[in-house]
Amino acid sequence: MELFYEEPYLRALDVNVIEKNEEYLIFDKTIIYPGGGGQPPDSGYFIGDSFKARIPFAKRENGKILHKYELIEGKISDHGKIVLDWERRYALMKMHTAEHILYRSIENLFNVKFQKVELHENESLLFINGNISIDDISRAEDLANSIVEKNIPLKFYYGNIEDVEDDVRIRKDRIKNEKIRIVEIEGFDKSACSGIHVKSTSEVGIIFVKSIKKSDFFEIKFLSGETAKNFIFENARIVRKLYLNYNIDQSKIEEKIFNSMTMNEKFKKDLFEISSSMFNFQLIEKNGKKLYYSDFPHADIRGVEKRARKMLENEKATVIYGNENDEKIFILSSELIDKELIKKIMEENNLKGGGQGNYFLIAVKKENFKKIFDELLKKFS
Ligand SMILES: [Zn+2]
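Another point: the overall build of the chain. Scanning the chain for helices and strands turns up eight helices and 22 strands. Seen through its C-alpha atoms, the chain measures out along the principal axes to roughly 95 × 55 × 45 Å. Buried positions account for 28% of the 381 residues belonging to the chain.

It is worth spelling out helix 3 (residues 134-149) at this point. A rise of 1.5 Å per residue sets the reference length of helix 3, with its 16 residues, at 22 Å; its end C-alpha atoms lie 23 Å apart and thus fit the reference within 8%. Three or more residues of helix 3 are buried, namely I137, A140, A144, N145, I147 and V148. Around the axis of helix 3, the buried residues are gathered within 150° of arc, so they sit on the same side. More than 90 degrees from the buried face of helix 3, the exposed residues found are D135, S138, S146 and E149. If you follow the buried residues of helix 3, they end up packed against helix 2 (86-109), strand 13 (179-185) and strand 15 (207-214).

Attention shifts here to the environment of R89. Within the secondary structure layout, R89 lies in helix 2. On the neighbour-count criterion, R89 (25 C-beta atoms within 10 Å) is buried. Among all residues touching R89, those that are not within four sequence positions of it are D42 and L84.

Before going further, it helps to examine the sheet that holds strand 16 (residues 218-224). The strand order 9-10-16-15 describes an open sheet built from four strands, whose pairing is antiparallel. Every interior strand has two partners, whereas the edge strands, strand 9 (113-118) and strand 15, have only one. Within this sheet the neighbouring strands show an average axis-to-axis angle of 25°, counted without direction. Alignment of strand 15 against strand 16, held across seven bridges, turns out to be antiparallel. Opposite K213, over in strand 16, you have E219 as the bridge partner. Sheet strands touched by helix 2: strand 9, strand 10 (124-129), strand 15 and strand 16. Its angle to strand 10, the strand with the most contacts, is close to 25°.

In this section: the pairing of strand 19 (residues 318-323). For strand 19, a buried count of six out of six residues is recorded, marking the element as mostly surrounded by other parts of the structure. The alternating pattern of strand 19 places T318, I320 and G322 on one face and V319, Y321 and N323 on the opposite face, and all of these are buried. Of the pairings in the sheet, the one linking strand 18 (residues 289-294) to strand 19 comprises four bridges and is parallel in character. Each residue of the ladder has a partner; that of L291, found in strand 19, is T318. Remark: the strand 18/helix 6 (residues 301-314)/strand 19 crossover connection has right-handed handedness. Relative to strand 20 (residues 328-333), strand 19 is paired through six bridges, and the arrangement is antiparallel.

It is worth spelling out the nonpolar core at this point. The biggest cluster of nonpolar side chains holds 46 residues, and the ones touching the most others in it are I101, L102, L126, I207 and F222. Per element, the largest residue contribution to this core is nine residues, and it comes from helix 2. For this core, the domains that each give at least three residues are domain 1 (3-84) and domain 2 (89-230). Filtering out sequence-adjacent residues up to four positions away, F222 remains in contact with A98, L102, E123, S124, L126, I207, F208, V209 and K210. Core analysis: the next-biggest nonpolar cluster, separate from the first, contains 21 residues, I320, I331, F373 and L376 among them.

Next up on the list: unusual backbone geometry. Of note in this structure, N247 is not a glycine but carries a positive phi near 55°. In this fold, N247 is placed in the loop between helix 4 (225-245) and helix 5 (253-277). With a phi close to 55°, N350 is a non-glycine residue in the positive phi region. The topology assignment puts N350 in the loop between helix 7 (339-349) and strand 21 (352-356).

With mixed pairing, four strands are arranged side by side in an open sheet as 11-13-14-12. Strands at the two margins of the open sheet, each flanked by one partner only, are strand 11 (154-160) and strand 12 (168-169).

Examined at the domain level, the chain breaks down into domain 1 (3-84), domain 2 (89-230) and domain 3 (279-380). Between the C-alpha centres of domain 1 and domain 2 there is a distance of 28 Å. Facing the eleven residues of domain 1 at the interface are 13 residues of domain 2. The class makeup of the residues in the side of domain 1 that touches domain 2 is six nonpolar, four polar and one charged.

Attention shifts here to the environment of E367. Mapping E367 onto the fold places it in the loop between strand 22 (359-363) and helix 8 (369-380). A tally of 9 C-beta atoms within 10 Å means that E367 is categorised as exposed. With 361 residues separating them in the primary sequence, E367 and E6 have C-alpha atoms 68 Å apart.

Of all the five residues making up strand 7 (residues 70-74), zero are buried; the element is thus mostly uncovered. Sheet topology places strand 4 (residues 51-55) next to strand 7; four bridges connect them, and they run antiparallel. Looking at the pairing, R54 lines up with E70 of strand 7.

Their axes nearest at 10 Å, the elements helix 7 and helix 8 cross at an angle of 150°. In terms of orientation, helix 7 and helix 8 fall into the roughly antiparallel class. As helix 7 runs across helix 8, the sense of the crossing is right-handed. Facing L341, I345 and N349 of helix 7, the residues of helix 8 in contact are I372, E375, L376, K379 and F380. Along the lines of polarity and charge, the residues of the contact of helix 7 with helix 8 split into five nonpolar, one polar and two charged.

About the cut-offs
Residues numbered from 1 in each chain as written. Predicted model: local features only at pLDDT ≥ 70, side-chain atom pairs only at ≥ 80, totals over all residues. Helix = DSSP H or I, 4+ residues; strand = E, 2+ residues; numbered from the N terminus. Buried ≥ 20, exposed ≤ 12 C-beta atoms within 10 Å, placed from the backbone. Expected span 1.5 Å × (residues − 1). Arc of directions from axis to C-beta. Contact = placed C-beta atoms within 7 Å. Pairing = 2+ DSSP bridges. Axes fitted to C-alpha atoms, helices over the stretch in contact; angles between N-to-C directions. Right-handed = clockwise from strand over helix to strand, strands pointing away. Core = buried A, V, L, I, M, F, W, Y, C linked by C-beta atoms within 7 Å. Domains from an automatic or database assignment. Nonpolar A, V, L, I, M, F, W, Y, C, P; charged D, E, K, R; others polar. Parallel < 35°, antiparallel > 145°, perpendicular 65-115°, else oblique. Left-handed = near helix turned anticlockwise from the far one by under 90°.

Structure below.
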């Protein structure tokens, strides 16, 4: 059995180089996992008395494990020590066991099928066929964490692909070898898997689902261990701020947010209605030409535009409108707009904008809004 399976907690190992080329090293033995089962390959260093090389990854090729290397100092000799990026590897071991527990929890509760997994040290992705709700995921999370707490040892053994039992999670279409490795969490899950795991479920610490999303498959983003704990604390602190600062009953936060969002939508609609129906423009009339304008800072600009267009259906005029919060000024006219008038102001003030025919839009920073608005009024009146 390979050493990363036999001794998954080994962080350093004395080795001999048995093959070497410009890019890769092959050792007589190794603790660098070459990746597989959704788990990325390990990284680490190869260090000797007079040299140091980075091993960014390893890969399996024709039954051999090839270690990519990048020399940092000295000249590589045939003997040295492999030192694993242990924190990363241990995080991946926890993640991998977390994935087995989480997936089995979901499958035990809901009608879903495993698709694939992408393990990373900080957050991982589980893809399933099927659909589950936010409340469903909470139930699965509870089950998963109860398995973590039970501190069940993991067992690893090999079997033939033909004799594999029905309760083993396996993608036979993806298995290349006759012999398969089975990872068992006793009484809970059996899975054909080539990955590196922790020795007991409690080592995972905690499992937390960060998000769920329907893509081609159903995507579940999850965290484990320290990362999960930090994320939960961070979120709990945000919630605490909400209920303390706004004096909301903690259990009613969701309801309160929902209500205020609904109210906000209603206010937006009302504002649009008011802006498009009751709103009055101011008028400058010179030499028989009419210039309407509005720079009311709280107007709904789409509502104002609707009102302006309606007005121009019935009379010959130009309308200039905008509100400083949107940082835009609009010019709408019943006739073609003289672009030369606008161009000059834009050039002098280094502004961006554009338009065609009887419509023009200029982007204006809030602090310049009043000044530019007044200049446009002067030009057009
Ligand atoms: Zn696995």
